[in-house]
Amino acid sequence: VQPFRIHAPLLTPISPVEMRWHPDGVVAVDSDGCILFSGDARDIPERLLSLELLETEDVLLPGFVDLHVHLPQYDCRGKFGASLMEWLDRFIFPAEARFADPEIARDTAQRFFAGLRDAGTTTAMVYSSVHARATDIAFEEAGRSGLRIVMGKVQMDRDVPEDLLESVEQSTREVIELIERWHRSSDKLWYAVTPRFAPTCTMEMLKACAGLAVRYGTYIQTHINESTGEIASVREFFPGHASYMDVYRDAGLLTDCTVLGHNIHPGDDELRMCEERGCAVAHCPDSNLFLGSGRFPLERYSSTSIRVGLGSDVGAGTTLCMFPVMRSMSYVQGRSLHPFVPLYHATLGGARALSLEGEIGSLDEGKLADMIAVRVDRHFCGGKPLEQLKPLEIASALVYRSQPSDVTAVWVGGERVLP
Ligand code: GUN
Ligand code: ZN
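Cut-off values and rules
- Residues numbered from 1 in each chain as written.
- Chains lettered and ligands numbered in written order.
- Predicted model: local features only at pLDDT ≥ 70, side-chain atom pairs only at ≥ 80, totals over all residues.
- Heavy atoms only, no water.
- Near = heavy atom within 4 Å.
- Polar contact = N/O pair within 3.5 Å; in protein donor to acceptor, adjacent residues only side chain to side chain.
- Areas by Shrake-Rupley, 256 points an atom, 1.4 Å probe, with all protein chains shown as cover.
- 1 Å grid on protein atoms, 1.4 Å probe; cavity = no way out; pocket = protein on both sides within 12 Å on 5 of 7 lines; lining within 4 Å.
- Sits in = over half its atoms within 2 Å of the grid points.
- Helix = DSSP H or I, 4+ residues; strand = E, 2+ residues; numbered from the N terminus.
- Nonpolar A, V, L, I, M, F, W, Y, C, P; charged D, E, K, R; others polar.
- pLDDT = per-residue confidence, 0-100.
- Phe/Tyr/Trp six-rings, centres within 6.5 Å; stacked < 30°, edge-to-face > 60°.
- Buried < 20%, exposed > 50% of the residue type's maximum accessible area, 1.4 Å probe, protein only.
- Salt bridge = Lys/Arg side-chain N within 4 Å of Asp/Glu carboxyl O.
- Core = buried A, V, L, I, M, F, W, Y, C linked by side-chain atoms within 4.5 Å.
- Contact = heavy atoms within 4.5 Å.
- Donors = N, O, S within 2.8 Å, 3.2 Å for Na, K, Ca; no water.
- Tetrahedral: all angles 85-135°; square planar, octahedral: opposite > 155°, others 65-115°.

## Remarks on the site of ligand 1
As a matter of local geometry, ligand 1 sits amid His70, Gln73, Leu84, Trp87, Leu88, Arg196, Phe197, His223, Glu226, His262, Asp313 and Ala316. In this structure, an oxygen atom belonging to ligand 1 sits 2.8 Å away from a side-chain N or O atom of Gln73. Taking Arg196, its side chain carries an N or O atom lying 2.7 Å from an oxygen atom of ligand 1. For ligand 1, the protein covers 100% of the area, taking 280 Å² as the surface of the free molecule. Its atoms largely coinciding with the cavity grid, ligand 1 occupies the largest cavity. The element best represented in the shell around ligand 1 is helix 1 (residues 84-97), accounting for 3 residues. Of the residues belonging to the shell around ligand 1, the class tally is 5 nonpolar, 4 polar and 3 charged.

Shown next as structure tokens:
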């Protein structure tokens, strides 16, 4: 990376209730893509003044972290299909079956990662399809994109169409190969063992998945407690277990490297189990609104230590862009949230969920320069200059009225990936 400093307004999260705002800010980046300085321009150390200077009026933010998204569903956004289980059967399983074709896998992966980048998402945790070859292709394209990608092949061994079904043995063999080829194959690629969810996995499959993740030190991702129909089917198939969460506990899937998608209908005991085991949760509000799945109980999470990030959950989510996802996070609560809350969850919250908060998630010294520039409408606040805006005002503008085309530049580890 060519070292540089960028002079720009700068907003970066500290917590869900606190941000640093430097209207006259600077970020300096070294040849390793690390942030050497981040703060007021007047405080930059003199030795950094020799770095090449970029300037913009657009606001610098940490790149977004999309904690839950399905690559093979990129072209299935917005397919109305009533509730989750019918929608999977009618649209999603047939669409994912098409990823047996490497050409479809390649073309979709290229457009998908370009879509993430264009939206200012610099890190994503991704579900591929059940196909090992398509997942190889997806990792190749992820590597080419320059984005930070945690990804895995979906695993399922029951109750799905024939062409998506696999045995535990075959699935395990394929996943071992994928892990050996891709997990930490660069500083930007990780593998996540990905049992789809309990309704499409036997206990044997769930246990095999947990074993793989422990043996190879990978992430785990799956879905839980998203819809009432799903919960009923788990109760029916696993009658001996106290709850949905208890099925995953029994399988060994609840670890501090586990990201649980949704979990919007947990019992008190399930939430406690999730907290005790240190699992993170991917909240996907746009998807929950689209499928009518229900409301995320944010206030119950707030009294726990559970790490929560935001996911687009494309294709039940309708967009890869985290601006509308942040708005949805607010609106599912039935009220307008303070904009720091969704902005934190779309950045530092997601980084914490992946235990990557030491490297990414905010523009702090010593972290990697995963950074985006966002154009803010100058007519906001009656045309007041940005310098006069309070952090609340600038965060409001970013969360409640930005769109993907407002992302004007994207860096990952100091490397410019857009434009
Ligand atoms: N639960 C299991 N699979 C899926 C999926 O593909 N999308 C959503 N939203 N929920 C799921
Ligand atoms: Zn999902």
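## Here's the deal with the confidence of the model for the protein
In this model, the protein carries an average pLDDT of 97, and 100% of its residues clear a pLDDT of 70 or more. Within the protein, the lowest mean pLDDT, 94, falls on helix 14 (residues 391-401), and the highest, 99, falls on strand 8 (residues 148-152).

## Side note on the packing of aromatic side chains
Tallied over the entire structure, the rule returns 10 aromatic pairs. Between the aromatic rings of Tyr74 and Phe112, the centroid separation amounts to 5.8 Å while the plane-to-plane angle is 85 degrees, which identifies the pairing as edge-to-face. Of the two residues, Tyr74 is situated in the loop between strand 6 (64-70) and helix 1 and Phe112 in helix 2 (residues 102-118); the sequence distance between them amounts to 38 residues. Just as Tyr74 is buried, Phe112 falls in that class too. Here the aromatic rings of Phe139 and Tyr191 are separated by 6.1 Å at their centres, their planes lie at 25 degrees, and the arrangement is stacked.

## Describing the pattern of salt bridges
With the rule as written, the count across this model stands at 20 salt bridges. Asp43 is the partner of Arg42 in a salt bridge, and the nearest nitrogen-oxygen pair spans 4.0 Å. A residue is classified by how much of its surface remains accessible, and Arg42, at 69% relative accessible area, is exposed. Between Glu96 and Arg196 there is a salt bridge, with the nearest N and O atoms lying 2.9 Å from each other. A residue pair is termed long-range when its members are at least 10 positions apart, and Glu96 in helix 1 and Arg196 in the loop between strand 10 (189-195) and helix 5 (203-216) qualify at 100 residues. Comparing Glu96 with Arg196 shows no difference in burial state: the two are buried. Look at the salt bridges and you will find they share partners, linking Arg106, Glu140, Glu141 and Arg144 into a network.

## Here's the deal with the nonpolar core
Counting 119 residues, the largest nonpolar core has Leu11, Phe64, Phe112, Phe113, Ile149, Tyr248 and Ile394 as its most contacted members. When residues in this core are grouped by element, the largest group, 8 residues, is from helix 1. Apart from residues no more than four positions distant in its own chain, Phe112 is found in contact with Val69, His70, Leu71, Tyr74, Val126 and Leu320. Counting 17 residues, the second-largest nonpolar core is a separate cluster that includes Val150, Tyr219, Leu356 and Leu368.

## A few points about the side chain of Asp246
Positionally, Asp246 belongs in helix 7 (residues 244-251). In this structure Asp246 comes out as buried when scored by relative accessible area, which is 10%. Polar contacts involving the side chain of Asp246 include one to the main-chain amide nitrogen of Ala242, which spans 3.2 Å. Beyond its immediate stretch of four places on either side in the chain, Asp246 contacts His241 and Met273.

## Comments concerning the coordination of the zinc ion (ligand 2)
Distances from the zinc ion (ligand 2) to its protein donors, His68 (NE2), His70 (NE2), His223 (NE2) and Asp313 (OD), fall at 2.0 to 2.5 Å. Angles of 90 to 169 degrees at the metal separate the 4 donor atoms of the zinc ion (ligand 2), which places the site in the irregular class. Along the chain, the residues donating to the zinc ion (ligand 2) fall in the pattern H-x1-H-x152-H-x89-D. The exposure class assigned to His68 is buried, which follows from its relative accessible area of 2%. Residue His70 is classed as buried on the basis of its relative accessible area of 2%.

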